[in-house]
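Each chain, written out:
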Amino acid sequence: MGFARTCSVALVGVEGVVVEVQADLEPGVAAFTLVGLPDKSLTESKDRVRAAVVNSGAAWPSKKLTVGLSPASVPKAGSGFDLAVACAVLGAAERIDPRVLADIVMIGELGLDGRVRPVRGILPAVLAAAHAGYEQVVVPECAAAEASLVPNLSVLGVRTLRQLVAILADEPVPDEEPDDPGRPDPLLAGLRVPGTGAATGMHTPGAARHDGHDLADIVGQLSARTAVEVAAAGGHHLFLEGPPGAGKTMLAERLPAVLPTLTREESLDVTAVHSVAGLLPPGKPLIDVAPYCAPHHSATMQSLVGGGPGIARPGAVSLSHRGVLFLDEAPEFNTQALDALRQPLEAGHVVIARSAGVVRFPARFLMVLAANPCPCGRFSLTDDFCECPPSAVRRYQSRLSGPLLDRVDLRVQVDRVTRAELTERGARGESTAAVADRVRTARERAVLRLTGTPWRTNSEVPGRELRSRWHARAGAMDEAERNLERGILTARGLDRVLRVAWTVADLAGHDRPDARDVALALQLRTGVPRGVPMSIGAAT
């Protein structure tokens, strides 16, 4: 009788559980049994592993073979267990010393020819192994850079099973013929399957910093530019309403470049989500810039918040974690899908319950809504160009529910661009770099003030903490409190005005919000003029 064990990782969302892969050989009729709650793709690994072992030059044992995945109560899915299963079988057959395998975590899919193929979720799987106390992992060679992001861990990248067997058996490592450099790497094909999000164009991490977009391209729109700056500095959600062609999409596309570069911890969180989704950019294992996600208005609830058959996959709210979720033509989205965003907006994460398990994905994003004022887009309180009946205007505007809009801190009317603004020469606004510098300084002030707390931006601080620990100047909140009494603001709205006022104060260099900071926050919240300039510089 032969027995060997090694380890792999089962992913549930972005959280991993180390699984012990055990192989047992006994005399009897040759058979291969796989137990431990495997799914269909894992059950099929029996044929992949057998072919890979034989084509790698090793003998397949002609005995009764049982492979167990422990703990057996945890569902296992995917093909990432292939490498561990193959090595456990070779250890039980004494082709590899079983003692060498016991403390190694192996992650990778096997091709029939023995090549080791990458799988989704390498980074969260390696993080789970490190947290469990393991010190060595084996991954596909093309995923070694991603696995190496985890500190204090020895990472071995292999291209074929034959190479791994030689390394573990302390034998000369064979040379593998490299692929044609002029052709795409076939090992990466499984991570770019159409329909999984990689080929939909829905997500382009970091593209906003390199596509030449600049805030200086925006003509006019001083109020909207100020709102974008405040949103970036404090992480506040933004609603842009205005006629077609006024620049709403241009503003949203330039917002990610204004956001600060992600910290190391934030980068690992974002990279882990994109690794699970199979959306890591080629040749860039670590995402260090704010992601930008702009799904089409036909998106379903599952594509927005996450879901799908079997174990749930991350949706747009998680793909935009620590970045921007832009919902263009927001009233055209399904009402139920929009209302499903309420909980992630408050909690910063989304919990998806399915029969296969409960999954928790991070979802702390900056939401930008863009909408026309009516179906024809020309409704205005000052012009009479709109041809929509009043009932159509009310019905169109009511598609965005009150509870959803109450969670949006900034609401700005984007005006139609005039001919004078469009043709004026030499009157470009501030560049993205100038605004990003102010945003970075404001974020640093907020981080310094929030040292010792679990929050990093003003939008994350609960209202009770703002009212009890960080006070505005005396009398600064009087006008906002009167708006609460009149029913213009809800209690949640009052807290959000205070949060925005702190962000305005950070941008203006004030130690505490004064009446002008609160007035600008109220103006950005309600859209009602408060007698203060819509400019942070002028508010100082």
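Look up a bit, the structure's there.
Residues numbered from 1 in each chain as written. Predicted model: local features only at pLDDT ≥ 70, side-chain atom pairs only at ≥ 80, totals over all residues. Heavy atoms only, no water.

K.L.:
I tried to follow the overall build of the chain on my own but got confused; where do I start?
P.N.:
When helices and strands are counted, the chain shows 23 helices and 16 strands. Seen along its three principal axes, the alpha-carbon backbone of the chain occupies a region of about 85 × 50 × 45 Å. Looking at the chain residue by residue over its 540 residues, the buried ones come to 51%. (Helix = DSSP H or I, 4+ residues; strand = E, 2+ residues; numbered from the N terminus. Buried < 20%, exposed > 50% of the residue type's maximum accessible area, 1.4 Å probe, protein only.)

K.L.:
I keep staring at the environment of Val17 and nothing clicks. Help me out?
P.N.:
With respect to the helices and strands, Val17 occurs in strand S2 (residues 15-26). Taking the relative accessible area as the measure of exposure, Val17 reaches 31% and is therefore partly exposed. Val17 sits 369 residues away from Cys386 along the chain, and the two C-alpha atoms are 58 Å apart. Non-local contacts of Val17, meaning those with residues more than four positions away in its chain, are made with Ser8, Val9, Ala10 and Ala128. (Contact = heavy atoms within 4.5 Å.)

K.L.:
Can you walk me through the pairing of strand S10 (residues 238-241) in this structure?
P.N.:
The two faces of the sheet receive side chains in turn, since in a regular strand these alternate between them. Where burial is concerned, the two faces of S10 agree: the one with Leu238 and Leu240 and the one with Phe239 and Glu241 are both buried. In this sheet, strand S15 (residues 366-371) lies alongside S10 in parallel orientation, the contact comprising four bridges. Note on S15: the bridge partner recorded for Phe239 is Leu369. Here S10 pairs with strand S16 (residues 410-413) via four bridges, running parallel. Looking at the pairing, Leu240 lines up with Val412 of S16. (Pairing = 2+ DSSP bridges.)

K.L.:
Quick question: what am I supposed to make of the pattern of salt bridges here?
P.N.:
Side chains that differ in charge, positive against negative, can pair when their charged atoms come close. With the rule as written, the count across this model stands at 30 salt bridges. The closest approach of N and O atoms between Arg95 and Glu171, which form a salt bridge, is 3.3 Å. Linking Arg95 in the loop between helix H3 (82-92) and helix H4 (98-101) with Glu171 in the loop between helix H7 (161-168) and helix H8 (222-234), this pair joins segments that are 76 residues apart in sequence. Look at Glu171 and you get partly exposed, because its relative accessible area is 35%. The closest approach of N and O atoms between Arg254 and Glu253, which form a salt bridge, is 4.0 Å. A relative accessible area of 25% places Glu253 in the partly exposed class. (Salt bridge = Lys/Arg side-chain N within 4 Å of Asp/Glu carboxyl O.)

K.L.:
In this structure, what is going on with the sheet that holds S10? I would like to understand it.
P.N.:
The strand order S11-S12-S15-S10-S16 describes an open sheet built from five strands, whose pairing is parallel. The open sheet has two free edges, formed respectively by strand S11 (292-293) and S16, since each of these has just one partner strand. The strands touched by H8 within the sheet are S10, S15 and S16, with S16 carrying the most contacts at an inclination of about 165°. (Axes fitted to C-alpha atoms, helices over the stretch in contact; angles between N-to-C directions.)

K.L.:
What should I look at first to understand the side chain of Asp514 in this one?
P.N.:
With respect to the helices and strands, Asp514 occurs in the loop between helix H21 (491-508) and helix H22 (515-526). One buried charged residue, Asp514, remains without a salt bridge, the closest side chain of opposite sign being Arg473 at 4.9 Å. A polar contact of 2.9 Å, which involves the side chain of Asp514, links it to the backbone nitrogen of Asp517. (Lys, Arg positive; Asp, Glu negative; His and termini not counted. Polar contact = N/O pair within 3.5 Å; in protein donor to acceptor, adjacent residues only side chain to side chain.)

Spatial relationships are all this shows, so hold off on functional conclusions.
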